[in-house]
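Given next are the chains, with one letter for each unit.
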Amino acid sequence: MIGSAYAKRLIRLEIFTVGDLLSHIPTRYQDYSLISSIANVQAGEIVTLKGRVVSAKNRYLATGKSIQKFVIADETGDVDATWFNQPCLLNSLKTGSKIVLAGTVTLFGLKREITSPDFELIRENAPLIHTGRLVPVYPETSGVSSKWLRSRVFPLLTTAITRELLPADILRELHLTGLDEALMQIHFPSRLDSVENARKRLAFDELLVRLFRGELRRREWTQLARRKPMQVKPENLTSFRKQLPFALTESQNQVIGELIADLKGTLPMNRLLQGDVGSGKTVVAIIAMYLTKLNGSQSAFLAPTEILANQHYQTVKTLLDPYGIK
């Protein structure tokens, strides 16, 4: 469960449901999987360390800011862990606590130090999700960090009910990962190469949903959309063809016949006309506009740029002016 404040913040990430949260895919991963002994770390290394809190101190500066200094030790040595303006850490990182740190080691004098590291308390029978593994880094927004998202996503992966949409034979044929495994590996991968397999499966699902949605819209369109059929008189079309400064090609005439069949029907025409530059798509569109005008309706002709709009305007004007169409 999350509060209303976090719910409002998640809207900025377009997260409204549990499904949206599981679909919020990491952009990259921090490799904190290799745990080093403290004695072996060198300045400049990004390391993961496991140890106990030996001491914890909070110091206030003259500026009013504060420094939280902890000493973390394992059986090989110790290292300083430093945070700034987080006095609440003294309540959670108590002396004797087992902890995992991940960050960059620096030298402060002769002392090794790790500043503002990612950290995680070690709890019995609780897996590590912020350290000690490949750690997901998510798209974030103000007040919603990757650490917060990880702490919400991981429990969902073991408790949320997901339903496999694809039959087992399809999964085998297309070499696709199961949905549960894909979600686990995209968020908390065991290896980096498993991420690509998970991404392939989730991308397949997304495309499949888009195709189904398009098919449903098409069916709704054919069932619900209705209009008055247009009347197309052959003599009007013949007259228009004759005044053209060129003869229409066989392909253009074929498409015009298909357009007329659409216009005579009770479903609104919804058609994509493809062709190379100069193949005569514009004149086909103008004929459809002409027939629409003869049926007492209007047309809108859209173009992506002002230059192209002006060019089309001149073409349309030239061909329709003789019929008094403005």
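Right above here is the structure, for reference.
A. Spatial organisation of the overall build of the protein. Across its full length, the protein holds eleven helices and nine strands. For the protein, the C-alpha radius of gyration of 33 Å lies well beyond 20 Å, the compact-globule estimate for 326 residues. Taken over the C-alpha atoms alone, the protein extends approximately 95 × 55 × 35 Å along its principal axes. Buried positions account for 33% of the 326 residues belonging to the protein. Across the protein, every contact between residues at least 6 apart in sequence was considered, and the portion connecting residues at least 24 apart equals 59%. If you sum the accessible surface of the protein, you get close to 20800 Å²; carbon and sulfur atoms cover 55% of it. If the 42 positive side-chain charges of the protein are averaged to one point and the 31 negative ones to another, these points end up 7 Å apart.

B. Seen up close, the packing of aromatic side chains. All told, the structure shown has seven aromatic pairs when counted by the stated rule. Geometrically, the ring pair formed by Phe70 and Trp83 is edge-to-face, given 5.4 Å between the ring centres and 85° between the ring planes. Here Phe70, found in strand S4 (residues 66–74), pairs with Trp83, found in strand S5 (residues 77–84); they are 13 residues apart in sequence, far enough to count as distant. Looking at Trp83, the relative accessible area reads 3%, which means it is buried. Considering the side-chain rings of Phe240 and Tyr323, the 5.6 Å spacing of their centres and the 25° angle between planes classify their relative orientation as stacked. Residue Phe240 is located in helix H8 (residues 234–243), and its partner Tyr323 is located in the segment after helix H11 (306–320); the two are separated by 83 residues in the primary sequence. Taking relative accessible area as the criterion, Phe240 reaches 0% and is therefore assigned buried.

C. Representation of the side chain of Ser97. Within the fold, Ser97 resides in the loop between helix H3 (89–92) and strand S6 (98–108). Within the local environment of Ser97, its side chain forms a polar contact with the backbone oxygen of Lys94, the two atoms lying 2.7 Å apart. Apart from the residues lying within four places of it in its own chain, the contact partners of Ser97 are Gly51, Arg52, Val53, Ser92 and Leu121.

D. A look at the environment of Lys111. Along the polypeptide, Lys111 turns up in strand S7 (residues 111–115). According to the relative accessible area criterion, Lys111 is partly exposed, its value standing at 29%. Counting along the chain gives 69 residues from Lys111 to Asp180, while the straight-line C-alpha distance between them is 46 Å. In this structure, Lys111 is in contact with Asp78, Asp80 and Thr106, ignoring residues within four places of it in sequence. Side chain to side chain, Lys111 and Asp78 meet in a polar contact 2.3 Å long.

E. Region of interest: the layout of surface pockets. Empty space within the largest pocket amounts to approximately 770 Å³. Around the largest pocket, the lining comprises 29 residues; the ones closest to its centre are Leu273, Lys281, Val284, Ala285 and Phe301. Contributions of two or more residues to the lining of the largest pocket are made by helix H9 (250–264), helix H10 (281–294) and H11. Among the elements that make up the lining of the largest pocket, the one with the highest residue count is H10 (eight residues). Looking at the lining of the largest pocket residue by residue, the class counts come to 16 nonpolar, nine polar and four charged. Together, 19 residues line the second largest pocket, and Gly19, Ser23, Leu183, Leu202 and Asp205 are the ones closest to its centre. Counting residues per element, the ones that place at least two in the lining of the second largest pocket are helix H2 (18–22), helix H6 (179–187) and helix H7 (193–224). The element best represented in the lining of the second largest pocket is H7, accounting for six residues.

F. Spotlight on H7. With 32 residues, H7 should reach 46 Å at 1.5 Å per residue; the first-to-last C-alpha distance of 47 Å fits that figure. Taken together, the buried positions of H7 are occupied by Ser194, Val195, Ala198, Arg201, Leu202 and Asp205. For H7, the elements touching its buried residues are strand S1 (28–31), helix H5 (168–174) and H6.

G. Spotlight on unusual backbone geometry. Of note, Glu14 is a non-glycine position whose phi angle comes to about 60°, a positive value. When you line up the elements, Glu14 lands in the loop between helix H1 (4–11) and H2. We note that His175 has phi near 55°; this positive angle belongs to a residue other than glycine. With respect to the helices and strands, His175 occurs in the loop between H5 and H6.

H. Geometry of the pattern of salt bridges. Summed over all chains, the structure comprises eleven salt bridges. For the salt bridge of Lys111 with Asp78, the shortest nitrogen-to-oxygen distance reads 2.3 Å. Residue Lys111 is found in strand S7, and its partner Asp78 is found in strand S5; the two are separated by 33 residues along the sequence. For Arg271, the salt bridge is made with Asp262, and the minimal N-O distance between the two is 2.8 Å. Residue Arg271 is classed as partly exposed on the basis of its relative accessible area of 39%. Linked through salt bridges whose partners overlap, the residues forming this network are Glu164, Arg201 and Asp205.

The rules behind each value
- Residues numbered from 1 in each chain as written.
- Predicted model: local features only at pLDDT ≥ 70, side-chain atom pairs only at ≥ 80, totals over all residues.
- Heavy atoms only, no water.
- Helix = DSSP H or I, 4+ residues; strand = E, 2+ residues; numbered from the N terminus.
- Rg over C-alpha atoms; globule rule 2.2 N^0.38 Å.
- Buried < 20%, exposed > 50% of the residue type's maximum accessible area, 1.4 Å probe, protein only.
- Contact = heavy atoms within 4.5 Å.
- Areas by Shrake-Rupley, 256 points an atom, 1.4 Å probe, with all protein chains shown as cover.
- Lys, Arg positive; Asp, Glu negative; His and termini not counted.
- Charge placed at Lys NZ, Arg CZ, Asp CG, Glu CD.
- Phe/Tyr/Trp six-rings, centres within 6.5 Å; stacked < 30°, edge-to-face > 60°.
- Polar contact = N/O pair within 3.5 Å; in protein donor to acceptor, adjacent residues only side chain to side chain.
- 1 Å grid on protein atoms, 1.4 Å probe; cavity = no way out; pocket = protein on both sides within 12 Å on 5 of 7 lines; lining within 4 Å.
- Points joined across faces, edges and corners; volume = space filled by probe spheres on them.
- Nonpolar A, V, L, I, M, F, W, Y, C, P; charged D, E, K, R; others polar.
- Expected span 1.5 Å × (residues − 1).
- Salt bridge = Lys/Arg side-chain N within 4 Å of Asp/Glu carboxyl O.

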